[in-house]
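Examination of the molecular architecture
Here is what each chain is made of, one letter per residue.
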Amino acid sequence: MTYQILFLDIDGTILTPDDTIQESTKEAIRQVQQKGIEVFLATGRPLHEILDIGEELGVESFIGYNGAYAIHKGQEIIKAPMKGSTVERFLSIAHNQGHELVMYTNKKNVLSSIDAPVIQEFIAKFHLKHNEPYTPAVIHDILGMTVVNMSEDEKKLYEEEEDYHLSQVNLEGFRHSYDVIRGTVNKGIAVKVILQHLNLPQASAIAFGDGMNDKEMLSVVGEGFAMGNAHPDLVSYAKHQTTTVTNSGIFNGLKSIGIVK
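A brief look at the structure comes next. Please read these numbers as outputs of a predicted model, since none were measured by experiment.

Most peptide bonds adopt trans geometry, and most residues besides glycine take a negative phi value. Backbone geometry places Lys73, a non-glycine residue, at a positive phi of 50 degrees. For Lys73, the location among the structural elements is in the loop between β4 (69–72) and β5 (75–79).

Structure below.
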């Protein structure tokens, strides 16, 4: 098989727990790009907060907001904001249950309570810089959302609409945080749209991830890799499991299929 495109999750896949990128990961991406293989960063994060990571890796194409927005070398391919009625419903549930919401537009992060301690911890961990309190003026611009300060058994409160499910953030200390994923808007759907846009077969695609928000993406590519530190439930969605993010997981995975040396 001739591999033509690589999709990489960020947190727990590219970024180690101390928010650094291993030299082996940088070298793997360099070798991939030298072979003419397209590289996309595919994340739940907002794109306005990860452009520095793209610059460090020499990557110019992105899937953000868990598939709600995608660009290929500056060209917008996907833009799918959430329904305003859903945003209103989630805000109401969060207020009643003592949860907090981190919401993302294309240019800023809007927060249900900017001063809440759990929100401040979230901002610090993910280095969020463009933060504002939520106002109804942006209700139709929300591309993605994370529910913070929530327990596992409270997910069902938000999942009454069939099209939505919540995916736990796979980072130590932040497992009270859950990304809001849509059945028709997720990383896997975004990958399919990009492959169609670039006229590439699914078998030519490779993807790496560690969280349950990566399950759709790993399921639709030819070579899906779960990181060694992946959520245990993710492994069944991947064709392969590689080593951990702190043990050259991306490099070793790509080496196992002959892409890097």
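An order of β5-β4-β3-β2-β1-β12-β13-β14 is seen for the eight strands of this open sheet, with the pairing classed as mixed. Each edge of the open sheet is held by one strand with a lone partner, namely β5 and β14 (240–241).

Another aspect to go through is the nonpolar core. Ranked by size, the top nonpolar core spans 50 residues in total, and within it Leu6, Leu8, Leu41, Ile206, Phe208, Leu254 and Ile259 carry the most contacts. When sequence neighbours within four positions are dropped, the list of residues in contact with Ile206 reads Tyr3, Ile5, Leu6, Phe7, Val221, Glu223, Phe225, Leu254, Ile257 and Ile259. Residues Ile63, Ala190, Ala205 and Ala238 belong to the second largest nonpolar core, which totals 23 residues.

To continue, consider the sheet that holds strand β9 (residues 144–148). Spatial strand order, β8-β7-β6-β9-β11-β10: six strands in an open sheet with mixed pairing. A strand with exactly one partner marks an edge of an open sheet, and here the two such strands are β8 (131–133) and β10 (164–168). The sheet shows a mean angle of 30 degrees between the axes of neighbouring strands, direction not considered. By the bridge criterion, two bridges tie β9 to strand β11 (residues 178–182) in an arrangement that is antiparallel. Looking at the pairing, Val147 lines up with Tyr178 of β11. Helix α4 (residues 117–125) rests against β6 (100–104), β7 (109–111), β8 and β9 of the sheet, and its axis sits at about 35 degrees to β6.

All told, the structure shown has 13 salt bridges when counted by the stated rule. The shortest N-O distance in the salt bridge between Glu27 and Arg30 comes to 3.0 Å. One end of the pair is Glu27 and the other is Arg30, both in helix α1 (residues 23–34) and three residues apart, which spans about a single turn. Look at Glu27 and you get partly exposed, because its relative accessible area is 29%. Between Glu152 and Lys155 there is a salt bridge whose closest N-O contact spans 3.4 Å. On the accessibility criterion, Glu152 (46% relative accessible area) is partly exposed. What makes Lys155 buried here is its relative accessible area of 18%.

Rules of the game
Residues numbered from 1 in each chain as written. Predicted model: local features only at pLDDT ≥ 70, side-chain atom pairs only at ≥ 80, totals over all residues. Heavy atoms only, no water. Helix = DSSP H or I, 4+ residues; strand = E, 2+ residues; numbered from the N terminus. Pairing = 2+ DSSP bridges. Core = buried A, V, L, I, M, F, W, Y, C linked by side-chain atoms within 4.5 Å. Buried < 20%, exposed > 50% of the residue type's maximum accessible area, 1.4 Å probe, protein only. Contact = heavy atoms within 4.5 Å. Axes fitted to C-alpha atoms, helices over the stretch in contact; angles between N-to-C directions. Salt bridge = Lys/Arg side-chain N within 4 Å of Asp/Glu carboxyl O.

That's the geometry; what it means functionally is another story.
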